[in-house]
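# Breakdown of the fold
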Amino acid sequence: MNYSQIIKAAPALGELKKLRLPYTTARDVHKLHKLLESEYQFFAQEEAKLINELAAKDEKGNPKVSSDGRITFADIKARDEYHKRLADLGETDAQIEIPFITISAEEIGEQLIAPETIGALEGFITFE
């Protein structure tokens, strides 16, 4: 499982956590969330290091961010380096063991779940 997959799965797992599920399934989903949360935090910390290293700095030495929230880089070379290293980080394998979780249609019942949620959780949860 690489970090890009974890980043993609995090919001979908948050959506799944809102559903009312049988106890064992809910417990397994919660355990998976806690496991992925620490990996998500690691990725965010590494991304922050890249931003701190490669972004243009303001007068206080903080990374410059535009009014719409985009990172400002001193030049194209720094921007390209940031994107390359972030992509490399995303493709890095997270050294975690993913528990096997299966959720059946009966467990979901009449609750609504978006197809994109199911897709984002592929490789983490099997939906039957």
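Structure: above.
Quantities reported herein were computed from a predicted structural model and do not represent experimental measurements. (Residues numbered from 1 in each chain as written. Predicted model: local features only at pLDDT ≥ 70, side-chain atom pairs only at ≥ 80, totals over all residues. Heavy atoms only, no water.)

### What to know about the packing of aromatic side chains
Convention followed: Centres within 6.5 Å make a pair out of two Phe, Tyr or Trp rings, where for Trp the six-membered ring is used; the pair is then stacked when the planes are under 30 degrees apart, edge-to-face when over 60, and tilted otherwise. Counting from the N terminus, the helices are DSSP H or I runs at least four residues long and the strands are E runs at least two residues long. Note on exposure labels: buried denotes an accessible area under 20% of the residue type's maximum, exposed denotes more than 50%, and partly exposed covers the range between, all computed with a 1.4 Å probe on protein chains only.
Inspection of every chain in the model, using the stated rule, returns 3 aromatic pairs. Look at Tyr3 and Phe42: their rings are 5.5 Å apart centre to centre, the planes differ by 40°, and that puts the pair in the tilted class. With Tyr3 in helix α1 (residues 3-17) and Phe42 in helix α2 (residues 23-54), the pair connects residues that are 39 residues apart, well separated along the chain. Exposure remark for Tyr3: the relative accessible area of 5% places this residue in the buried category. Measuring from centroid to centroid gives 5.2 Å for Phe73 and Tyr82, while their planes differ by 40°, and the two rings are tilted.

### Looking at α1
Definition in use: To estimate how far a helix should extend, the number of its residues minus one is multiplied by 1.5 Å. Fitting axes to the seven residues ending at a residue and to the seven starting there, one defines the bend at that residue as the angle between these axes. Every residue pair with non-hydrogen atoms within 4.5 Å of one another is taken to be in contact. Side-chain atoms alone can form a polar contact between residues adjacent in sequence; in general such a contact is a pair of N or O atoms within 3.5 Å, and within protein one must be able to donate a hydrogen while the other accepts it.
With 15 residues, α1 should cover 21 Å at 1.5 Å per step; its first-to-last C-alpha distance of 20 Å lies within 8% of that length. Remark: the principal bend of α1, roughly 35°, maps to Ala10, with a proline, Pro11, within the next four residues. Those residues of α1 that sit buried are Tyr3, Ile6, Ala9, Ala12, Leu13 and Leu16. Buried positions along α1 lie against α2, α3 (76-91), β1 (101-103), α4 (105-108), α5 (115-120) and β2 (125-127). Among the residues of α1, the N-terminal cap falls to Asn2, whose side-chain oxygen and the backbone nitrogen of Ser4 are separated by 3.1 Å.

### What about the pattern of salt bridges?
We count it as follows: By convention in these notes, a salt bridge is any Lys or Arg side-chain nitrogen within 4 Å of a carboxyl oxygen on Asp or Glu.
With the rule as written, the count across this model stands at 7 salt bridges. Between Glu53 and Arg85 there is a salt bridge, with its nearest N and O atoms 2.9 Å apart. Linking Glu53 in helix α2 with Arg85 in helix α3, this pair joins segments that are 32 residues apart in sequence. You can call Glu53 partly exposed: its relative accessible area is 48%. The salt bridge involving Asp68 is made with Arg70; its shortest N-O contact spans 3.0 Å. Each of Glu53, Glu81 and Arg85 takes part in salt bridges that share partners, so that together they form one network.

Geometric descriptors of this kind do not, in isolation, establish any biological role.
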